[in-house]
Every structure is written in structure tokens, then in C-alpha cells.
Amino acid sequence: MRKQIFLQGWLGITAAFLLEAGPVYAQLRLIPDAARRVYEALPDLPLENTYTPINPNDGGPRPEEDTLVRRMMLYHLQVAGRSPTDRFDWQLTLADYCDANEPMVAQQYPGANRLTVNPYTRDKAVVQSLSRQQRQALLRALVLAFGGDPDPKPLYIPPDLKAAPALPTPEPMKPLLLPGRGGADLLRPL
């Protein structure tokens with residue numbers, strides 16, 4: 001009986017974990033293809049894939065696939081925990097790289113523990129060296145790579161057909177009369 005309850009509890013926890021983590025793992029599987037699409041759209045964007053892994057047999061990506069865009073996507077999804085399809089979230093990530101939003105932690109940057117040299121400083125420098133037009137093109141390519149809308153329409157708010165009625169001016173409050181000495185005696189039962 002105890003074994004059955006334990007097994008049911010364990011299965012429930014495992015199912016909850018897998019259901020909760022499912023989209024994250026699905027997004028991570030999309031990163032190589034998404035990074036390739038970004039580089040196809042922006043062939044002049046630096047690859048920054050010259051880093052050497054500490055252990056080549058660790059199961060990580062091949063050095064030629066470990067690019068700036070791949071690390072940027074990992075930072076966006078895993079470290080910052082942002083949506084891959086939301087344009088505003090990608091703007092925040094680019095602002096992180098430009099030191100205009102949340103501070104980035106070098107030790108948490110993708111590749112920090114896996115590569116012989118942490119790519120954090122160089123990746124930030126490359127993004128900061130991009131012109132405004134290049135950053136806008138990168139933003140658009142990143143959103144499109146994950147199937148998002150790079151040009152979201154503004155939220156439609158219908159104009160008020162009737163102006164809101166003016167509220168009447170409230171009368172000033174009359175002074176509150178406080179009971180005098182012995183007023184508490186009035187609360188005693190008769």
C-alpha cells in the first residue's frame with residue numbers, strides 16, 4: 001500500500017516536471033536551426049565560434065556550431081527566462097548586451113564553464129559594436145527564427161463614443177461631532 005502511494009506521488013511529480021519543462025526543452029532543440037536562419041538572414045554578422053571546449057567529448061555543440069547567436073539564444077531562454085517569440089523580450093536581451101537593462105553575470109553566460117575562454121566579454125563587445133540598423137535587423141531575424149511576429153500591430157483601443165460624464169463636485173464634509181466627557185457611558189447596557 002505504501003509502495004503504491006509512493007509510486008503514485010513520484011509519477012505525479014515526474015509528470016508535472018516534464019509537462020512544465022516541456023516547452024523549454026522543445027525551444028532548446030530549435031536553437032541550432034534558429035541560429036542557422038539568423039545567419040542566413042544576416043551573413044555579415046560575426047560567428048564568434050573560435051572558442052575551444054575544455055572537454056571536446058562533453059556532448060556540447062561542435063565548435064563551429066557554438067556561435068554568438070546560439071549563445072545569445074541560450075542566454076535569452078535559459079538565463080534570462082524570456083519568450084523566444086516576443087519582440088519586446090528580444091529587445092530586453094539586446095539591451096542586456098548593451099548594458100542598458102539587467103546586468104549580465106559572466107559566470108552564468110552560456111559557455112562560461114564549458115569553453116577554455118568565457119565568450120561573455122567578446123560577445124557583448126560584438127553586439128555593442130553593431131549599428132542601430134544592424135541591431136534592428138538582428139532583432140527582426142531573432143524573432144522570425146522562432147516564428148514570432150517582428151512587426152506586432154499596436155493594441156486596438158476603440159475611441160470612446162461618449163465622453164465620460166463629469167462627476168459632480170462633492171460637498172465638503174461636515175465636521176465630525178465627537179461625544180463629550182462620559183460618552184462611553186452611553187454604550188453600557190441599560
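Description of the structure in this document. (Residues numbered from 1 in each chain as written. Predicted model: local features only at pLDDT ≥ 70, side-chain atom pairs only at ≥ 80, totals over all residues. Heavy atoms only, no water.)

Notes on the side chain of arginine 114
Okay, so step 1: Relative to the assigned elements, arginine 114 resides in the loop between helix 3 (87-97) and helix 4 (120-129).
Okay, so step 2: Owing to a relative accessible area of 18%, arginine 114 belongs among the buried residues under this scheme.
Okay, so step 3: A polar contact is formed between the side chain of arginine 114 and the side chain of aspartate 66, at a distance of 2.7 Å.
Okay, so step 4: Those residues in contact with arginine 114 that sit more than four places away from it in its chain are Pro53, Ile54, Asp58, Gly60, Pro61 and Asp66. (Helix = DSSP H or I, 4+ residues; strand = E, 2+ residues; numbered from the N terminus. Buried < 20%, exposed > 50% of the residue type's maximum accessible area, 1.4 Å probe, protein only. Polar contact = N/O pair within 3.5 Å; in protein donor to acceptor, adjacent residues only side chain to side chain. Contact = heavy atoms within 4.5 Å.)

Description of the packing of aromatic side chains
Note on aromatic pairs: each is described by the distance of the centres and the angle between the planes.
Okay, so step 1: By the definition in use, this model includes five aromatic pairs.
Okay, so step 2: Ring centres of tyrosine 75 and tyrosine 109 lie 6.4 Å apart, and the angle between their planes is 35°; on these two criteria the pair is classed as tilted. On the criterion of sequence distance, the pair formed by tyrosine 75 in helix 2 (residues 68-79) and tyrosine 109 in the loop between helix 3 and helix 4 is long-range, its members being 34 residues apart.
Okay, so step 3: Owing to a relative accessible area of 4%, tyrosine 75 belongs among the buried residues under this scheme.
Okay, so step 4: Looking at tyrosine 109, the relative accessible area reads 3%, which means it is buried.
Okay, so step 5: Ring geometry for tyrosine 97 and tyrosine 109: centres 6.1 Å apart, planes at 75°, overall edge-to-face. (Phe/Tyr/Trp six-rings, centres within 6.5 Å; stacked < 30°, edge-to-face > 60°.)

Some details on the side chain of threonine 67
Okay, so step 1: Looking at the element boundaries, threonine 67 is found in the loop between helix 1 (2-41) and helix 2.
Okay, so step 2: Side-chain polar atoms of threonine 67 contact the backbone nitrogen of arginine 70, separated by 3.2 Å.

Some details on the nonpolar core
Side chains that are nonpolar tend, in soluble globular proteins, to be buried together.
Okay, so step 1: Val38, Met73 and Leu138 are the most contacted members of the largest nonpolar core, which has 30 residues in total.
Okay, so step 2: In this view, valine 38 contacts Leu45, Val69, Met73, Leu138, Ala141, Leu142 and Ala145; residues no more than four positions away in its chain are not counted. (Core = buried A, V, L, I, M, F, W, Y, C linked by side-chain atoms within 4.5 Å.)

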